[in-house]
Amino acid sequence: MSYSAHFMDFKGSSIPSNADLLVRNRFVGINASDINYSAGRYDPSVKPPFDAGFEGIGDVVGLGLSASSRYTVGDTVAYFGSGAFAEYTVVPAKETVPVPAVKPEFLTLLVSGATAYTALKRLGDLVKGETVLVTAAAGGTGQFAVQFAKQAGCHVIGTCSSNEKAGFLKSIGCDRPINYTTEDLAKTLRKEYPKGIDVVYESVGGSVFDVAVNNLANKGRLIVIGFISGYQTASGIPAFRGGTLPVKLLQKSASIRGFFLPHFLSDYREALGSMVQMFAKGKLVCEVDHGEMAQEGRFTGLESVFRAVDYMYAGKNLGKVVVDVAPPSVSNSKL
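Residues numbered from 1 in each chain as written. Predicted model: local features only at pLDDT ≥ 70, side-chain atom pairs only at ≥ 80, totals over all residues. Heavy atoms only, no water.

Draft legend 1. Main features of helix α4 (residues 142–151). Extensive coverage of α4 is indicated by the burial of 8 of its 10 residues. Those residues of α4 not exposed but buried are G142, Q143, F144, A145, V146, Q147, F148 and A149. The first or second residue beyond α4 is G153, which carries a positive phi of 85°. (Buried < 20%, exposed > 50% of the residue type's maximum accessible area, 1.4 Å probe, protein only. Helix = DSSP H or I, 4+ residues; strand = E, 2+ residues; numbered from the N terminus.)

Right, here's the structure in full:
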């Protein structure tokens, strides 16, 4: 390959910017907010057709001249940005992170892990010995919130929807998994934690949010990182009766804090670097769900993205849902 051809994409057409990489995706991640983006809720000005998907990991197959100062063809990178649901994605080099291998575990850190790490660090104000409640604890981001809260020396409660998930939560350090299909969440919290919950990492919304508010301790902090229970409605927002909310917060000197990862990008590289090190040392579990238990089997190829989203919304996933865009038999062949 000539020097000039090195700075061209896989088919020989120019890379849009000399600071860009052309990445051949191997794995892409599924997030609850995918349907918010595709519904135009994040940016109403965007009209179809538009790219979707927030995160991917794969190999560099082309790059611009300035990007070559950091990367070369064949490098493995992960990225957090738009347009991941594709076989190939053009990504600004500054938005990518080099990773040791094309492992889906690294993909779990890009959005799910970074959200938990940064939200708890910046908004949780965790103190050793405090009680932390993580809702949807066995999901993509919940699994990380459980581990980071436990690493901070907290007593961790995690909600889930099956005994299998409860077992998984125990294996990653959760002190009290609550299977809400067999136990009443509100009654259990009132009975077992009469002094209340110090920190809540909340992603469900609706009635679960109400229970969390009602069970906050004095000076409790409720971190809202999402409200998946409402995403499939026309508005995307779950029903909320907040008439008495100011009173409840005042009586307990409690607070509700919203978290949206793009607002904390200055923390991103530190968070990712720290998590990669923890994973490499065996101190962080990154559970991946490839859909082996899904009705139609493993999530393989872009055509399975919609199945993966439905699977997650049905509450069937344990860990981060990941789609294998190009299995080895495809990705290693000549294109």
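Draft legend 2. Up close: the confidence of the model for the chain. On average, residues of the chain score 91 in pLDDT, and 93% of them reach the 70 mark or higher. Here residues 1–9 is a poorly scored stretch, pLDDT under 50, and it has 20 contacts once near neighbours within four places are set aside; other chains count. The low-confidence segment residues 330–335, where pLDDT is below 50, has 7 contacts with residues more than four positions distant or belonging to other chains. (pLDDT = per-residue confidence, 0-100. Contact = heavy atoms within 4.5 Å.)

Draft legend 3. Representation of the environment of T159 within the structure. Looking at the secondary structure, you find T159 in strand β7 (residues 155–160). When the C-alpha atoms of T159 and G142 are compared, they prove to be 9.2 Å apart, with 17 residues separating the residues in sequence. When residues no more than four places from it in sequence are discounted, the contact partners of T159 are L133, V134, T135, A136, A137, A138, L169, I178, Y180 and L185.

Draft legend 4. Region of interest: the nonpolar core. In terms of nonpolar packing, the biggest core is built from 51 residues, with F148, L169 and M275 touching the most fellow members. Contributions of two or more residues to this core are made by β3 (76–80), α3 (104–124), β6 (131–134), α4, β7, α5 (163–171), β9 (197–202) and α9 (268–280). Broken down by element, this core gets its largest block of residues, 11 residues, from α3. Residues within four places of L169 in sequence aside, it is in contact with A137, A138, V146, G158, T159, C160, C174 and P177. Within the second largest apolar cluster, 26 residues are counted, among which are L21, V23, A93 and A308. (Core = buried A, V, L, I, M, F, W, Y, C linked by side-chain atoms within 4.5 Å.)

Draft legend 5. Local environment of the sheet that holds strand β10 (residues 216–224). Reading across the sheet, the 6 strands line up as β8-β7-β6-β9-β10-β11 and stay open at both edges, with parallel pairing between neighbours. The open sheet has two free edges, formed respectively by β8 (176–179) and β11 (255–258), since each of these has just one partner strand. When strand polarity is set aside, the average angle formed by the axes of neighbouring strands in this sheet is 15°. When β9 meets β10, the two strands line up parallel, connected through 5 bridges. Bridge assignment links V200 to a residue of β10, and that residue is L222. Packed on one face of the sheet, helix α6 (residues 185–192) meets β6, β7, β8 and β9 and runs near 150° to β8. (Pairing = 2+ DSSP bridges. Axes fitted to C-alpha atoms, helices over the stretch in contact; angles between N-to-C directions.)

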